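# Fold and geometry: a report
So you can see what is in the structure, the chains are spelled out below.
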Number of protein chains: 4
Amino acid sequence: MIDVQNQPDTRKIKIRQAGVSRFRLPLLISDDGKIQPVTAEINFTVSLSEKFRGTHMSRLTEILTERVSKPLSIPEVENILNEALQKLDTDFAAIKIDFKFFVKRTSPVSGLVSYPDIDCEFSGELHKENRMNFSLTLKVPFTSLCPCSKEISDFGAHNQRSLCGVKLTFKDPDKLNKIKIDEIAGLIENCGSGQIYPLLKREDEKFVTEKAYNNPKFVEDILRDAVLAVRKIENLSAFEIECENFESIHNHNAFAAYGEKLFTDDAEN
Amino acid sequence: MIDVQNQPDTRKIKIRQAGVSRFRLPLLISDDGKIQPVTAEINFTVSLSEKFRGTHMSRLTEILTERVSKPLSIPEVENILNEALQKLDTDFAAIKIDFKFFVKRTSPVSGLVSYPDIDCEFSGELHKENRMNFSLTLKVPFTSLCPCSKEISDFGAHNQRSLCGVKLTFKDPDKLNKIKIDEIAGLIENCGSGQIYPLLKREDEKFVTEKAYNNPKFVEDILRDAVLAVRKIENLSAFEIECENFESIHNHNAFAAYGEKLFTDDAEN
Amino acid sequence: MIDVQNQPDTRKIKIRQAGVSRFRLPLLISDDGKIQPVTAEINFTVSLSEKFRGTHMSRLTEILTERVSKPLSIPEVENILNEALQKLDTDFAAIKIDFKFFVKRTSPVSGLVSYPDIDCEFSGELHKENRMNFSLTLKVPFTSLCPCSKEISDFGAHNQRSLCGVKLTFKDPDKLNKIKIDEIAGLIENCGSGQIYPLLKREDEKFVTEKAYNNPKFVEDILRDAVLAVRKIENLSAFEIECENFESIHNHNAFAAYGEKLFTDDAEN
Amino acid sequence: MIDVQNQPDTRKIKIRQAGVSRFRLPLLISDDGKIQPVTAEINFTVSLSEKFRGTHMSRLTEILTERVSKPLSIPEVENILNEALQKLDTDFAAIKIDFKFFVKRTSPVSGLVSYPDIDCEFSGELHKENRMNFSLTLKVPFTSLCPCSKEISDFGAHNQRSLCGVKLTFKDPDKLNKIKIDEIAGLIENCGSGQIYPLLKREDEKFVTEKAYNNPKFVEDILRDAVLAVRKIENLSAFEIECENFESIHNHNAFAAYGEKLFTDDAEN
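Residues numbered from 1 in each chain as written. Chains lettered and ligands numbered in written order. Predicted model: local features only at pLDDT ≥ 70, side-chain atom pairs only at ≥ 80, totals over all residues. Heavy atoms only, no water.

## Comments concerning the overall build of chain A
Note the cut-off: Strands are runs of DSSP state E lasting at least 2 residues, helices are runs of H or I lasting at least 4, and numbering of each runs from the N terminus. Any residue under 20% of the maximum accessible area for its type is buried, any over 50% is exposed, and the rest in between are partly exposed; the area is computed with a 1.4 Å probe on protein chains only. Residues count as neighbours in contact if any of their non-hydrogen atoms are within 4.5 Å of one another. All accessibility values rest on the Shrake-Rupley procedure with a 1.4 Å probe; residue burial counts only the protein chains present in the view.
Each helix and strand counted, chain A has six helices and 11 strands in total. With respect to the three principal axes, the spread of C-alpha positions in chain A is 75 × 40 × 35 Å. Counting all 269 residues of chain A, 63% fall into the buried class. Restricting the contact set of chain A to residue pairs at least 6 apart, pairs at least 24 apart contribute 64%. Accessible surface, chain A: about 10,300 Å² in total, of which carbon and sulfur atoms supply 45%.

Right, dumping it as structure tokens:
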């Protein structure tokens, strides 16, 4: 059977990324020694030489399908990319693996356990004969309470759900096994006016209401506190943070964004 | 050219709805004497006799395309459905037209004008030799403030953006020209703890913060107040209401729903 | 601490559904003797008497949270609803549990195994002192190839991905343990022009291309074949089917819908 | 009334972007001498000095609200950004304006006119005392037909809807008035196996079916042809292209991406 993908191409254009997107797969994510089953959505691509017409995409889905029911840790993502480099005989591979990750939280007064979910993305890029460049993205929900509204009002203050997205790029690929999703999510949660919980009893609700009122923060405050928190994470080479407050007094959002390359003189912000 | 759609079918199944979905079109909505251009997404279907294999869908998109740049009032929806009955020689036609509708609002203290958007749906159904059955659905955003949180906390109270969806089904098709989208949206907005505005100055923000604090409402309170408000709308035969609070202390929502058939003894709720 | 929810209400409106929506939870779905971990999104509500102001929503999230890491079969949904009736002292409870469910499929020629996902919803409603009314909704993807396009064209025929949603309502609650999600998904897949697979080698691609060309179907054909297939499922009291073709020659979809109450004289279609 | 936003900040973090997101507004887009009403969703931000605690976001929504019912051409976006720099006394402003833009197309045989929609984004960035950096993003739908499937199959070939997103960044801000959205969309449409149309009669359907069969293209072919087409657009400084085929034989997509900085020696691809 003819291999149409292998036909020569004359357009002289090397493609950086060709592959599959929105590929869904059940995976077992390994984080901090614990295994969590997730429903993943995956984009998986390789570079395509200017010499050939097409990529052999079924090899990519084959590599992914073999991962079903085997634990997947972050360092293991590099092996997936190496497998793609070899099986597709190419010089660059990239993967994004998106899933909801559940963390365990305890309500502040009654001590009830519940499991909020965090949107999580593993993003790996690998150039041939190099090591993987890995980024972890988390989108962490919490409460924000407006300092202006509190200050100018005789009572009350508008507050709302917020979402803070952090994209962390790591330096040393040999230390990726030290990343703890749950712990990083906890760092970010603490940058809002208060944490959110799926399960709160009345004594907890009193606590979180008063805590948020005592801890008013603009979206800019949250962003800056997240910058300070993220800078303390080990082994980072760069990070980006976006924060969005789903304003209760508007039908639009308040938004703030920041990016930083670490250990360089010309940090872009 | 052979008409495959017209081939006889032996499966003896009459289809209630066959047609097009997610068809997008620029329309000019006529409401209360004013014309508003909108970007509409449309589902448009007709029944298909058990005798034939398929519907002639291009006639449906043709009917819709002819409506571009002509004002579309609610009563005019019946004409679209009648055109479908005739051009497709069938006995039932249905249409759903979804769009964002902008209303004009004035901030409570500074008097600044801005334009919040309301998700709006026109839904019409027409049986041959009958009149159109028409429903209007609006999804109206506002603020809600939790009465429990206010009561049990020494200061503050959690609040959030809420969305109230009302589906109103009307009785007399000859009175559909009296429906005013903007006015109905206003009725629903008033059922929350406070209205939302795209544009607020500080004096307005103080006002809306304090108003919401003075007007705490559970999602159930909002729903019940919306039921009372909707019952006063003229010419209704039935309605459904759903209200969702995007809880600031959780990452899930509080939800309440209610349905009522009017002018009957066995009102379903 | 005062129980604001328990305050008397004077509006005389009984609410059919009050509770939580978009509550996400990791669950272990039990189907046909096998356990599958899923990421669920849940709406869980109870009726609220006209006498009281609000529902105690944290009891609902508590009931759900206790289900983490325990297998959940369809009959078990009735126990969740009964727990809600008791813990909230009310007369009606409803739940919708949505998740992606992976099925195992083997490519037609090379025999490679892969795991397409099906959107799945468990929907249960329980009136006090009654048995649960249960519906299963599946949204199954496959290929459709247009009979008209094939017939009128000298070569080729437009085809596309399609999605068929079936909502099945069951009669006897004691037979719910016999439902097999995977098997029902298979029935529906066979109603298109061809099945889809996440993993296909060239010999498989030839097979599925030719099979679809030999099996052209309008969205109306697919719907009718799905009606015939669904009618054979045991223990049904009613069903609804919607089918949507993501037309490759348009940027809108072709759509068809059908509903049937079984074992009645006036089947609505 | 105290200006909390103006409070000094000690965290020494300059924020690149603070403002509003998902702000919806009815706008009148001016393209190639014609005015088109659209429903826009807008992100509008400014930089915030490390000296101050917060941005005055209501000034941003005020600037936007004043644009209602006035024609908005691409060069006019620079005026909006300049207004933000002045009214917020800052050194950087950015805006993204997203809307569905309808183009006029004529079916290939019957000559019927219809209006497919293109997702469109205006993206402007302005540093103080500089000129605007402007990018136009279009997401253009069309048909793709698989060359491999055609070649290896005795008859037929799988085909599907595709979407090609191009982000074009322009060089000379004085030539932005020459951009024609409709024309660029047309360039991209021609890179697929065939165009799509909202309205096709049978003779048109035969034409587009046969044309696609005669013009098979991988997602990589489409991407490369789009690269060649885009390189001919005047006044570009850089571009990115992403193409996605909604595979009819899979429930995932085929994907390819390319980026290029023009007029440099080390074009990144």
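## Some remarks on the relation of the copies chain D and chain B
The condition that has to hold: The copies are overlaid by a least-squares fit using only the C-alpha atoms of residues whose pLDDT is at least 70 in both copies.
For these two chains of identical sequence, chain D goes onto chain B by a turn of 180° and a shift of 0.0 Å along the axis, with RMSD 0.0 Å. Those values place the two copies in the arrangement expected of a two-fold rotation axis. Interface residue correspondence from chain D to chain B reaches 100%, placing this contact among same-surface, isologous pairings.

## Re the interface of chain D and chain A
Let me state the cut-off plainly: Note: buried area is the sum, over both parts, of the accessible area (probe 1.4 Å) each one loses when the two are combined. Whenever a carboxyl oxygen of Asp or Glu lies within 4 Å of a side-chain nitrogen of Lys or Arg, that contact is scored as a salt bridge. Polar contacts here mean pairs of N or O atoms no more than 3.5 Å apart (in protein, one a potential hydrogen donor and the other a potential acceptor; neighbouring residues in sequence count only if both atoms are side-chain atoms).
Contacts between the two partners involve 54 residues from chain D and, on the opposite side, 54 residues from chain A. At the boundary of chain D with chain A, total buried surface from both sides reaches about 4,500 Å², with 55% on carbon and sulfur atoms. Counting across the chain D and chain A interface gives eight salt bridges. Measuring nitrogen to oxygen at the nearest pair gives 3.5 Å for the salt bridge that ties Asp 9 of chain D to Arg 224 of chain A. Connecting chain D to chain A are 30 residue pairs in polar contact (both at pLDDT 80 or more).

## A short note on the environment of Lys 12 of chain B
Residues and elements named next belong to chain B. Note on placement: Lys 12 falls in the segment before strand 1 (15–31). Note on Lys 12: relative accessible area 71%, which makes it exposed. When the C-alpha positions of Lys 12 and Thr 169 are compared, they lie 32 Å apart, and in sequence the two are 157 residues distant.

## Remarks on helix 5 (residues 202–213) of chain C
Here is the rule: A helix is expected to span 1.5 Å multiplied by its residue count minus one.
Taking 1.5 Å of rise per residue, the 12 residues of helix 5 of chain C would be expected to cover 16 Å, and the 17 Å separating its terminal C-alpha atoms lies within 8% of that figure. Buried residues along helix 5 of chain C sit against strand 8 (133–145) and helix 3 (147–152) of chain C together with helix 3 (147–152) of chain D.

## Points about the relation of the copies chain D and chain A
In the superposition of chain D on chain A (RMSD 0.0 Å, axial shift 0.0 Å), the rotation amounts to 180°. Looking at chain D, 100% of its interface residues are interface residues in chain A too, so the copies touch through the same face.

## Structural notes on the interface of chain D and chain B
Rules: All amino acids are sorted into three groups, where Ala, Val, Leu, Ile, Met, Phe, Trp, Tyr, Cys and Pro are nonpolar, Asp, Glu, Lys and Arg are charged, and the leftover types, Gly among them, are polar.
Taken residue by residue, the interface counts 29 residues in chain D and 29 residues in chain B. Summed over both partners, the interface of chain D with chain B comes to about 2,600 Å²; 63% of that surface belongs to carbon and sulfur atoms. Our count for the chain D to chain B interface comes out at six salt bridges. In this assembly, chain D and chain B are joined by 10 residue pairs in polar contact (both at pLDDT 80 or more). The dominant element in the side of chain D that touches chain B, judged by the number of residues it contributes, is helix 1 (residues 57–65) of chain D, at five residues. Here the residues of the side of chain D that touches chain B sort into 14 nonpolar, five polar and 10 charged.

## Concerning the pattern of salt bridges
The full count for this structure, using the stated rule, is 108 salt bridges over all chains. Of the charged contacts, one joins Lys 100 of chain C and Asp 117 of chain C as a salt bridge, the two residues approaching to 3.7 Å between their closest N and O atoms. Here Lys 100 of chain C is found in strand 4 (residues 92–102), whereas its partner Asp 117 of chain C is found in strand 7 (residues 117–127), with 17 residues between them in sequence. Relative accessible area serves as the criterion here: at 26%, Lys 100 of chain C is assigned to the partly exposed category. Each of Asp 9, Arg 11 and Arg 53 of chain A together with Lys 217, Asp 221, Arg 224 and Asp 225 of chain D takes part in one network of salt bridges that share partners.

## So, the pairing of strand 2 (residues 34–48) of chain A
All names here are of chain A. Stated precisely, the cut-off is as follows: A pair of strands counts as paired when DSSP detects no fewer than two bridges linking them.
Pairing between strand 1 (residues 15–31) and strand 2: 13 bridges, direction antiparallel. Bridge pairing in strand 2 places Ser 30 opposite Ile 35. Between strand 1 and strand 2, which pair antiparallel one after the other, the connecting turn spans two residues, and Asp 32 there sits at a positive phi close to 55°. With six bridges connecting them, strand 2 and strand 4 (residues 92–102) associate as antiparallel partners.

## Here's the deal with the state of the cysteines
Short version of the rule: Sulfur atoms of two cysteines make up a disulfide when they are within 2.5 Å.
In this structure the tally under the stated criterion is zero disulfides over all chains. Looking at the unpaired Cys 120 of chain A, the closest cysteine sulfur is the one in Cys 164 of chain A, lying at 14 Å. On the accessibility criterion, Cys 120 of chain A (3% relative accessible area) is buried. Of all cysteine sulfurs in the structure, the one in Cys 164 of chain D sits closest to Cys 243 of chain D, which takes part in no disulfide; the separation is 4.7 Å.

## Some details on the packing of helix 1 (residues 57–65) of chain A against helix 2 (residues 74–87) of chain A
If you want to describe how two helices pack, look at the angle between their axes and the distance between the axes. Residues and elements named next belong to chain A. Put simply, the test is: Axes here refer to lines fitted to C-alpha atoms; in helices the fit is confined to the stretch in contact. Angles between the N-to-C directions go from 0 to 180 degrees. Orientation categories follow fixed angle ranges, with anything under 35 degrees roughly parallel, anything over 145 roughly antiparallel, 65 to 115 roughly perpendicular, and all other angles oblique. In this scheme the handedness of a crossing depends on how the near helix is turned from the far one: anticlockwise by less than a right angle means left-handed, clockwise means right-handed.
Where helix 1 contacts helix 2, the axes come no closer than 10 Å and their chain directions differ by 150°. The orientation of helix 1 relative to helix 2 falls into the category roughly antiparallel. Between helix 1 and helix 2 lies a crossing of right-handed hand. Contact residues: helix 1 offers Arg 59, Leu 60 and Ile 63, while helix 2 offers Ile 80, Glu 83, Ala 84 and Lys 87. For the contact of helix 1 with helix 2, a count of residues per class yields four nonpolar, no polar and three charged.

## Overview of the packing of aromatic side chains
Residues and elements named next belong to chain A. The test is simple: Aromatic pairs are defined between Phe, Tyr and Trp rings, using the six-membered ring for Trp, whenever the two ring centres lie within 6.5 Å; interplanar angles under 30 degrees are classed as stacked, those over 60 as edge-to-face, and all others as tilted.
Under the definition given, this model contains 24 aromatic pairs over all chains. Residues Phe 122 and Phe 134 carry aromatic rings whose centres are separated by 5.6 Å and whose planes lie at 65° to one another, so their mutual orientation is edge-to-face. Of this pair, Phe 122 sits in strand 7 (residues 117–127) while Phe 134 sits in strand 8 (residues 133–145), and the two are 12 residues apart along the sequence. Side by side, Phe 122 and Phe 134 carry an identical accessibility label, which is buried. Every member of this aromatic cluster is reached through a ring pair, and the members are Phe 99, Phe 101, Phe 122, Phe 134 and Phe 170.

## Re the pairing of strand 8 of chain A
All names here are of chain A. Along strand 8, 11 of the 13 residues are buried, which leaves the element largely enclosed by surrounding structure. As paired strands, strand 7 and strand 8 are joined by seven bridges and run antiparallel to one another. Counted as the bridge partner of Gly 124 is Phe 134 from strand 8. Hairpin connection between strand 7 and strand 8: a loop of five residues separates the two successive antiparallel strands, and Glu 129 in this loop has a positive phi of roughly 60°.

## Considerations on unusual backbone geometry
Phi angles above zero are rare outside glycine, and Ser 69 of chain A is one such case at about 70°. Mapped onto the elements of the fold, Ser 69 of chain A is located in the loop between helix 1 and strand 3 (71–72). Here the phi dihedral of Arg 22 of chain C falls at roughly 50°; this positive angle occurs in a residue that is not glycine. Here Arg 22 of chain C shows up in strand 1 (residues 15–31). Residue Arg 22 of chain C is classed as partly exposed on the basis of its relative accessible area, which comes to 44%.

## Remarks on the environment of Lys 100 of chain D
C-alpha separation for the pair Lys 100 of chain D and Asp 119 of chain D, spaced 19 residues apart in sequence, amounts to 4.7 Å. Once you skip the residues sitting within four places of it in the chain, Lys 100 of chain D turns out to touch Arg 24 and Thr 39 of chain B together with Gln 36, Val 38, Asp 117, Ile 118 and Asp 119 of chain D. Here Asp 119 of chain D takes part through its side chain, which lies 2.9 Å from a polar atom of the side chain of Lys 100 of chain D.

## Examining the confidence of the model for chain A
Residues and elements named next belong to chain A. Let me state the cut-off plainly: The predictor's confidence in any single residue is recorded as pLDDT, a number from 0 to 100.
Mean pLDDT over chain A stands at 96; residues scoring 70 or higher make up 97%. Here residues 264–269 scores under 50 on pLDDT; set against residues more than four positions off or in separate chains, the count is nine contacts. Complex prediction metrics read pTM 0.96 and ipTM 0.95.

## Focus: the environment of Glu 151 of chain B
Its place among the elements puts Glu 151 of chain B in helix 3 (residues 147–152). By relative accessible area, Glu 151 of chain B is classed as partly exposed at 46%. Residues Glu 151 of chain B and Pro 216 of chain B, spaced 65 residues apart in sequence, show a C-alpha to C-alpha distance of 9.5 Å. Discounting chain neighbours no more than four positions away, the residues touching Glu 151 of chain B are Ile 2 and Val 4 of chain C.

## Here we look at helix 6 (residues 219–231) of chain B
Residues and elements named next belong to chain B. Given a rise of 1.5 Å per residue, 13 residues ought to cover 18 Å, and the 18 Å separating the end C-alpha atoms of helix 6 matches this to within 8%. For helix 6, the tally of buried residues reaches 10 of 13 residues, placing the bulk of the element in the interior. For helix 6, the set of buried residues is Val 219, Glu 220, Asp 221, Ile 222, Leu 223, Arg 224, Ala 226, Val 227, Ala 229 and Val 230.

## A look at the side chain of Asn 159 of chain D
Checked against the element boundaries, Asn 159 of chain D lands in strand 9 (residues 159–170). Under the relative-accessibility criterion, Asn 159 of chain D is labelled buried at 2%. One polar contact links the side chain of Asn 159 of chain D to the main-chain carbonyl oxygen of Ala 157 of chain D, over a distance of 3.3 Å. If we ignore the near neighbours within four places in the chain, the residues touching Asn 159 of chain D are Ala 157, His 158, Asn 159, Gln 160 and Ser 248 of chain C together with Thr 143, Ser 144, Leu 145 and Ser 248 of chain D.

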